[in-house]
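What follows is the residue order along each chain.
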Amino acid sequence: MRFFASVRRVGPGPDFELALQYATTLSPAVSYPETPAFPLPLPLIPSDAECTLLRELLNPAYFSAAMIARLRTQFVETSQLVLGQFLRPDIATELEALIRAVDTKSEAGRRGAIVGGRKTNKVTPQDEGEDPANGWTIVGPPHIQRFLSFAPAAATTPGRLEVLLAQISAMLVSPAFRAMLAALTDLLPTAHTCHVRRFRPGVDYTLARGETEDGEARLDVGLGLTPVPGSDADKELWESGDVGAWEMWLAGDEGGDEATYGAGGGGKKDSGEAGADDDDDGPLLALEPGWNTLNLVLRDPGVLKFVKYVSAKAPGSRWDVGGEWEVVNVEEDGEAEAEA
């Protein structure tokens, strides 16, 4: 399998070394229980029992053997997948309405406010949305990252939004979804980190970070839950990349100035040809905030990843659920043992 970062990289400089002091997640990975052991060879499709569990939340269109086979072939070739309309339609509709309600309340009077006789966009208050009793806390440290994170176990009075987000995050780390990831990627997930995140305008971001060159590849899994703006002008703002909130992957020698990436058309690069243009100094991959879209990206050690600072001009918050999965290429391990 061609790992995602098979591109030219210049020797790491001081900015790269500083970024690699921190992994992309500061939370310890949680290993999957191996009782019973995961079946090998890897499944071509989750079992009937696993599909039954996943259908409680996921779009049934993704459970056909033919669909999964096509997606697996694409992932093996490109090390990336984008799966639209991933949640079940009724779940997605309810969830979208709940998220829009939160954003509408937060955004009231913030954009285009008159301050001192001039029109401006106010910065979101740093404590906006923070509610420990409902599971929402600010994650730092601020020299590395800042965003709101929802911890289901900490919620003593969860609302309907929190209940749905808890169900989704639990599904993503479930053994059933592990089988789905194995079928889609031809990789064996062994451990995971997962967060529910909200990035607020004018406040939140993560800095570019990544594992060192002698580390292991990671499978980045992200379910975008940022509602599509109601106006064409606001849609164009997200698409331009000029107001941030894009998720970016950079080769190690590009890690000096995160703020410059993703502007001017978003900095997109053909995901199917990650190493095609060695003279392109842009990001390896840039994904705009999306609604009900699951992104899978295989990230090599030495590749940096971050969420671009969300400008006060942004039409709302960036919402997502996901994290990174430790994975094993079972076929390659088996071949190595056979050669030995």
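Calculation criteria
Per chain, residue numbering runs from 1 following the sequence as it is written. Only residues with pLDDT of at least 70 are given local features in this predicted model, and only at 80 or more are side-chain atom pairs given and counted; all residues enter the totals for whole chains, interfaces and linings. The basis for every side-chain value is the complete set of heavy atoms in the structure, and neither hydrogens nor water enter the calculation. Along the chain, pLDDT gives the predictor's confidence residue by residue, from 0 to 100. The contact criterion used is simple: two residues touch if any of their non-hydrogen atoms lie within 4.5 Å. Each residue gets one of three labels from its accessible area relative to the maximum for its type: buried under 20%, exposed over 50%, partly exposed in between, using a 1.4 Å probe on protein chains only. To qualify as a helix, a DSSP run of H or I must reach at least 4 residues; to qualify as a strand, a run of E must reach at least 2; elements of each kind are numbered from the N terminus. The pairing criterion is simple: DSSP has to find at least two bridges between the two strands. Here, the term nonpolar core denotes a set of buried Ala, Val, Leu, Ile, Met, Phe, Trp, Tyr and Cys residues that are joined through side-chain atoms within 4.5 Å. Here the axes come from fitting lines to C-alpha atoms, over the contacting stretch only for helices, and the angles between their N-to-C directions go from 0 to 180 degrees. Angle categories: roughly parallel below 35 degrees, roughly antiparallel above 145, roughly perpendicular from 65 to 115, and oblique for all the rest. Crossing handedness: left-handed means the near helix sits turned counterclockwise from the far one by under a right angle, and right-handed means the same turn made clockwise. Site definitions follow a grid-based scheme: protein atoms alone, a 1 Å grid, a 1.4 Å probe that fits but cannot get out for cavities, and for pockets an open set with protein on both sides within 12 Å along at least five of seven lines, plus lining residues having an atom within 4 Å of a point. Grid points are joined across faces, edges and corners, and a volume is the space filled by probe spheres set on the points. Under the scheme applied, nonpolar residues are Ala, Val, Leu, Ile, Met, Phe, Trp, Tyr, Cys and Pro; charged residues are Asp, Glu, Lys and Arg; polar residues are all the others, including Gly. Here the arc refers to the directions that run from the helix axis out to each C-beta atom.

We now examine the confidence of the model for the protein chain. When pLDDT is averaged along the protein chain, the result is 84; 82% of the residues meet or exceed 70. Considering only residues more than four positions removed or in separate chains, one finds that residues 255-279, a stretch of pLDDT under 50, has 59 contacts. Predicted confidence is poor over residues 333-340, with pLDDT under 50, and the contacts of this stretch with residues over four places away or in other chains come to 1 contact.

Burial analysis of strand β7 (residues 188-199) places 9 of its 12 residues in the buried class, which makes it a mostly covered element. Across 2 bridges, strand β1 (residues 30-31) lies against β7 in antiparallel orientation. If you follow S31 over to β7, its bridge partner there is A191. Of the strand pairs in this sheet, β7 and strand β14 (residues 318-328) are connected by 11 bridges, and their pairing is antiparallel. Following the sheet pairing, A191 is matched in β14 by E326.

What follows is about the nonpolar core. L58, L87, L95, L165, F177, L225 and L296 are the most contacted members of the largest nonpolar core, which has 49 residues in total. In this structure L87 touches L57, L58, N59, A92, L95, I168, L223, L225 and N292, once residues within four positions along its chain are discounted. Counting residues in hydrophobic clusters, the runner-up holds 8 residues, among them F147, V243, V307 and V310.

A separate point is the packing of helix α4 (residues 89-107) against helix α5 (residues 160-172). As a packed pair, α4 and α5 sit with axes 10 Å apart at the nearest point and diverge in direction by 125°. Relative to α5, the element α4 is oriented oblique. As for the relative orientation of α4 and α5, their crossing is left-handed in sense. Here α4 contributes E94, L95, L98, I99 and V102 to the contact with α5, which in turn contributes R160, L161, L164, L165 and I168.

Our next topic: the layout of surface pockets. Its boundaries defined by the atoms lining it, the largest pocket holds a volume of some 610 Å³. If you go around the largest pocket, you meet 42 residues; those closest to its centre are R197, E247, K305, V307 and D320. Contributing elements (two or more residues each) for the lining of the largest pocket: β6 (145-150), β7, β9 (218-225), β10 (247-250), β11 (285-287), β12 (291-299), β13 (304-307) and β14. For the lining of the largest pocket, the per-class residue count stands at 16 nonpolar, 16 polar and 10 charged. Taken as a whole, the second largest pocket holds about 240 Å³ of empty space. In terms of lining, the second largest pocket is formed by 16 residues, of which the most central are V102, W136, L161, E162 and R198.

A cis amide bond, omega 0°, links L40 with the succeeding residue P41. Among the secondary structure elements, P41 is positioned in the loop between β1 and α2 (48-54). Here G140 and P141 are connected by a cis peptide whose omega angle stands at 0°. Counting through the fold element by element, P141 comes out in the loop between β5 (136-139) and β6. One non-glycine residue with positive phi stands out, namely Q85, at about 50°. For Q85, the location among the structural elements is in the loop between β2 (80-84) and α4. Judged by relative accessible area, which is 58%, Q85 ranks as exposed.

In this section: the sheet that holds β10. Pairing within the open sheet is antiparallel, and its 3 strands lie in the order β11-β10-β13. The open sheet is flanked by β11 and β13, the only strands paired with a single partner. Adjacent strand axes in the sheet meet at a mean angle of 10° when their direction is disregarded. Pairing analysis gives 3 bridges linking β10 to β11, with the strands arranged antiparallel. Its bridge partner being in β11, M248 is matched across the sheet by A286.

Among the residues making up helix α7 (residues 232-240), those that are buried are D234, W238 and S240. Projected onto a plane normal to the axis of α7, the buried residues spread over an arc of 170° and lie on a single side. α7 presents D232, A233 and E236 as exposed residues on the side facing more than 90 degrees away from its buried surface. Remark: G241 follows α7 within two positions and exhibits a positive phi of approximately 80°.

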